[in-house]
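Residue-level structure breakdown
Listed here are the chains, written in short residue letters.
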Amino acid sequence: MHAHSAIAFELTDHPDPEAMSALAQRLGLVPTASAAGQQAAFLLRADAAGLCLQDRGAPRAAPTRVDFCDPSLQHRLRTSGKRQGIGKAVGLDKLPPAASLQVLDATAGLGRDALVLAHLGCRVQLLERSAVLHAMLEAGLRQAEVAQQTAAAAGVPTLAALRRLTLQHAEARDCFAAIALGQQPQPDVIYLDPMFPPRSGSAKAKKDITALHGLLGSESDLAGLLRAALPCARYRVVLKRPEARLDDGLPTPTLWLQSKATCFAVYVNSSFSSMRP
Ligand SMILES: C[S@@+](CC[C@H](N)C(=O)[O-])C[C@H]1O[C@@H](n2cnc3c(N)ncnc32)[C@H](O)[C@@H]1O
């Protein structure tokens, strides 16, 4: 991962400039007008809509933002179901009636998958190890709540789904170690979507993730991360992959689920049949 000194900070018309300046200081970002700021590869901007990240190497590209009201994400919410894609991968099609799942999304990123799961009724704890991404997620959650309270509700995720999300700035491996020691409760499902090497593609979500790739880099020890997760989930661990192929010395999954643009390797620890509502 690049050091945060590679990120410049710009404050435009954010409603709480003091809080944003304190955030920039906490994250060790440099003012955009400073010599270091002018050299920085990324720019974090605090504007009226929250926080966004601009890749200075792609100045014409729209900045990356955690936007839970984004139309493409809204489309995903409308078209996702419990018997397909990510819903099926975490096991929503197998749950006893009235039961709900506690999912640990250990690689939160832009929070899109987490919102889909919350929309489908899961309680989702998001872990994000990048302080910058964590701040963007916090800003996105705040913005979505504001939108929910102010906008005519169309095009905004429901408050109930937003309230099923909890966010933590943490390294997943530390959290898995705490679960293994019994210091933290065991989640029903652990969901992992680590950074893949960039691929070509045109969807906006992919472009956003490609932009983040320059900042965050690919996962260097995916097998280690997965092996640490496996004993920690009560029912299953789900690993999102670009294709149904095992590499990096990954353990063989119980099953593969293929949806349009992604694959999920599902590692089943236990069936949901013993679950109580
Ligand atoms: C590909 S993105 C996840 C995208 C997300 N699923 C979404 O729908 O927006 C991967 C994210 O996981 C975070 N991450 C990777 N490894 C992590 C770890 N070991 N602990 C916590 N966060 C991690 C990265 O910083 C990055 O923000």
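Here the structure is a predicted model, which is why all the values come from computation and not from measurement. (Residues numbered from 1 in each chain as written. Predicted model: local features only at pLDDT ≥ 70, side-chain atom pairs only at ≥ 80, totals over all residues. Heavy atoms only, no water.)

A short note on the domain arrangement of the protein chain
So the rule is basically this: Each domain span listed reflects an automatic or database assignment of domains. In what follows, a contact means two residues having at least one pair of non-hydrogen atoms within 4.5 Å. In this description, buried area is defined as the sum, over both parts, of the accessible area (probe of 1.4 Å) that is lost when the two are combined. Basic side-chain nitrogens of Lys or Arg form a salt bridge, by our definition, when they fall within 4 Å of a carboxyl oxygen of Asp or Glu. Basically, the charged four are Asp, Glu, Lys and Arg, the nonpolar ten are Ala, Val, Leu, Ile, Met, Phe, Trp, Tyr, Cys and Pro, and anything else, Gly included, counts as polar.
Under the domain assignment, the protein chain is made up of domain 1 (1–48) and domain 2 (66–274). Here the C-alpha centroids of domain 1 and domain 2 sit 27 Å apart. Facing the nine residues of domain 1 at the interface are ten residues of domain 2. Carbon and sulfur atoms make up 74% of the surface buried where domain 1 meets domain 2, a total of about 900 Å² over both sides. On inspection of domain 1 and its partner domain 2, the count reaches zero salt bridges. Among the residues making up the side of domain 1 that touches domain 2, the classes are represented as seven nonpolar, two polar and no charged.

Comments concerning the environment of Val266
For the record, the criterion: Helix and strand definitions here come from DSSP, where helices need a minimum of 4 consecutive H or I residues and strands a minimum of 2 consecutive E residues; each element is numbered from the N-terminal end.
Position of Val266 relative to the elements: it lies in strand β12 (residues 263–268). Remark: the alpha-carbon pair of Val266 and Val90, spanning 176 residues in sequence, is separated by 8.0 Å.

Focus: the pattern of salt bridges
Two side chains of opposite charge can pair, provided their charged atoms sit close to one another. Taken as a whole and assessed by the stated rule, the structure comprises 14 salt bridges. Taken together, the shared-partner salt bridges in this structure form one network comprising Arg76, Asp113, Asp193 and Lys240.

Looking at the nonpolar core
Short version of the rule: The definition of a nonpolar core used throughout is a set of buried Ala, Val, Leu, Ile, Met, Phe, Trp, Tyr and Cys residues joined through side-chain atoms within 4.5 Å. Working definition: with a 1.4 Å probe on protein chains only, accessible area under 20% of the residue-type maximum means buried, over 50% means exposed, and in between means partly exposed.
Counting 60 residues, the largest nonpolar core has Leu44, Leu51, Leu53, Phe68 and Leu101 as the members making the most contacts within it. Three or more residues apiece are contributed to this core by two domains, here domain 1 (1–48) and domain 2 (66–274). Filtering out sequence-adjacent residues up to four positions away, Leu53 remains in contact with Ile7, Phe42, Leu43, Leu44, Pro63, Thr64, Val132, Met136, Leu212 and Leu215. In this structure, Cys175, Ile179, Ala229 and Leu239 belong to the second largest nonpolar core, which totals 23 residues.

Quick word on the layout of surface pockets
A water-sized probe rolled over the atoms picks out the places where empty space is left. Put simply, the rule reads: Any residue with an atom within 4 Å of a point lines the site, the site being either a cavity, points on a 1 Å grid over the protein atoms alone where a 1.4 Å probe fits but cannot get out, or a pocket, an open set with protein on both sides within 12 Å along at least 5 of 7 lines. Grid points are joined across faces, edges and corners, and a volume is the space filled by probe spheres set on the points.
In this structure, the second largest pocket spans a volume of roughly 260 Å³. Along the walls of the second largest pocket sit 16 residues, with His14, Asp16, Met20, Ala139 and Arg142 positioned nearest its centre. Taken together, the elements giving at least two residues each to the lining of the second largest pocket come down to α1 (17–26), β4 (50–55) and α6 (131–150). No other element matches α6, which puts six residues into the lining of the second largest pocket. Considering only residue class, the lining of the second largest pocket consists of nine nonpolar, three polar and four charged. For the lining of the second largest pocket, the domains that each give at least three residues are domain 1 (1–48) and domain 2 (66–274).

What about the environment of Tyr267?
Just so we agree on the cut-off: Think of a polar contact as two N or O atoms within 3.5 Å of one another; within protein, one of them needs to be a possible hydrogen donor and the other a possible acceptor, and neighboring residues in sequence only count if both atoms come from side chains.
Secondary-structure assignment places Tyr267 in strand β12. Judged by its relative accessible area of 5%, Tyr267 falls in the buried class. Those residues in contact with Tyr267 that sit more than four places away from it in its chain are Leu226, Leu230, Tyr235, Arg236, Val237, Leu239, Leu246, Leu250, Pro251, Thr252, Pro253 and Thr254. One polar contact links the side chain of Tyr267 to the main-chain carbonyl oxygen of Pro251, over a distance of 2.7 Å.

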